[in-house]
Amino acid sequence: MNTPSRNAGFTGRHMLAVMVAFFGIIIAVNITMARLAGSSFGGLVVENSYVASQEFNNRLKRSHDQLDLGWKPALEIQGGTIRFHLTDRSGKPVAVSSVVAEFRHPSYQAKDWAVRLQPTADGGFEARGAARDGVWTVQLDSDVGRQTPYRVIRRMTITMGTGQ
């Protein structure tokens, strides 16, 4: 007479354990990712998307008008100091009365910050010790005596006070 052995191979209980482990891992990863996504980005990009879409053509025209000026912006971040110069087509400094730099984190709004740059003797602007490490979308608004500010937007990575 054949008696069942204790080592009968892969059983239904083994299959149940594999399925529970498989789906348990998937559910745990999904919950973790959902919590991280919810805590790192507020989801607010614009207050009113309809109004923002209506303003797009005006912003595009201002951008083209700004490019037609032929001015050359120069943004440099070294040793924690932010420096900005704006020159015309011939390389002479443009008369700028103030510059504000806004640093926006691409995915985490709570870390956004802004700094007002101070004028320097060479016609530029700077803020000493202001740069913070991270990946930033930098928006510089310069008051050049026009109805709208001269705007420069750059994506930068700042490491140990130096931007690239």
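Residues numbered from 1 in each chain as written. Predicted model: local features only at pLDDT ≥ 70, side-chain atom pairs only at ≥ 80, totals over all residues. Heavy atoms only, no water.

1. So, the packing of aromatic side chains
To keep it simple, the criterion reads: We call Phe, Tyr and Trp rings a pair once their centres come within 6.5 Å, taking the six-membered ring for Trp, and we label the pair stacked below 30 degrees between planes, edge-to-face above 60, and tilted otherwise. Helix and strand definitions here come from DSSP, where helices need a minimum of 4 consecutive H or I residues and strands a minimum of 2 consecutive E residues; each element is numbered from the N-terminal end.
Under the definition given, this model contains five aromatic pairs. Centroid distance Trp71 to Tyr150: 5.3 Å. Interplanar angle 40 degrees. Geometry classified as tilted. Here Trp71 is found in the loop between α2 (49–69) and β1 (72–78), whereas its partner Tyr150 is found in strand β7 (residues 150–159), with 79 residues between them in sequence. On the numbers, 4.1 Å between centres and 5 degrees between planes, the contact of Phe103 with Trp113 is stacked. Taken together, the positions of Phe103 in strand β3 (residues 98–104) and Trp113 in strand β4 (residues 113–119) put the pair 10 residues apart, joining distant regions of the chain. Clustering of aromatic rings is evident, with ring pairs tying together Phe103, Trp113 and Trp136.

2. Quick word on the pairing of β3
The line we're drawing: A simple rule labels every residue: compare its accessible area, found with a 1.4 Å probe on the protein chains alone, to the largest value its type can have, and call it buried under 20%, exposed over 50%, or partly exposed in between. Two strands qualify as a pair provided that DSSP identifies no fewer than 2 bridges between them.
Burial of β3 is one-sided: the residues Val99, Ala101 and Phe103 facing one way are buried, the residues Ser98, Val100, Glu102 and Arg104 facing the other way are not. Pairing of β3 with strand β6 (residues 134–143) involves seven bridges; the strand directions are antiparallel. Within the sheet, the bridge partner assigned to Arg104 lies in β6 and is Thr137. Judged from the five bridges that link them, β3 and β4 form a sheet pairing that is antiparallel. From the neighbouring strand, Val99 faces β4, where its bridge partner is Leu117.

3. Re α2
Residues spaced three or four apart along an α-helix point in a common direction, a consequence of the helix completing one turn every 3.6 residues. Rules: Expected helix span is taken as 1.5 Å per residue step, with the number of steps being one fewer than the number of residues. Values of bend correspond, residue by residue, to the angle between axes fitted over the seven residues ending at that residue and the seven starting there. Here a polar contact is taken to be a pair of N or O atoms separated by no more than 3.5 Å, where protein atoms must pair a possible hydrogen donor with a possible acceptor and residues adjacent in sequence count only if both atoms sit in side chains.
Between its first and last C-alpha atoms α2 spans 30 Å; for 21 residues at 1.5 Å apiece the expected length is 30 Å, and the two agree. The principal kink in α2, of about 35 degrees, is found at Glu55. The opening residue of α2, the one whose side-chain oxygen lies 3.0 Å from the backbone nitrogen of Tyr50, is Asn48.

4. Overview of the sheet that holds β6
With antiparallel pairing, the eight strands of this open sheet are ordered in space as β1-β2-β5-β4-β3-β6-β7-β8. Either end of the sheet is taken by a strand with one partner, and the two such strands are β1 and β8 (162–163). One ladder, built from two bridges, connects β7 with β8; its direction is antiparallel. Residue pairing in the sheet places Ile158 in a bridge with Gly163 of β8.

5. A closer look at the side chain of Gln139
Tracing the chain through its elements places Gln139 in strand β6. We classify Gln139 as buried; its relative accessible area is 9%. Within the structure, the side chain of Gln139 is placed 3.0 Å from the side chain of Arg104, a separation counted as a polar contact. Within polar-contact distance, the side chain of Gln139 engages the side chain of Asp141 at 3.2 Å.

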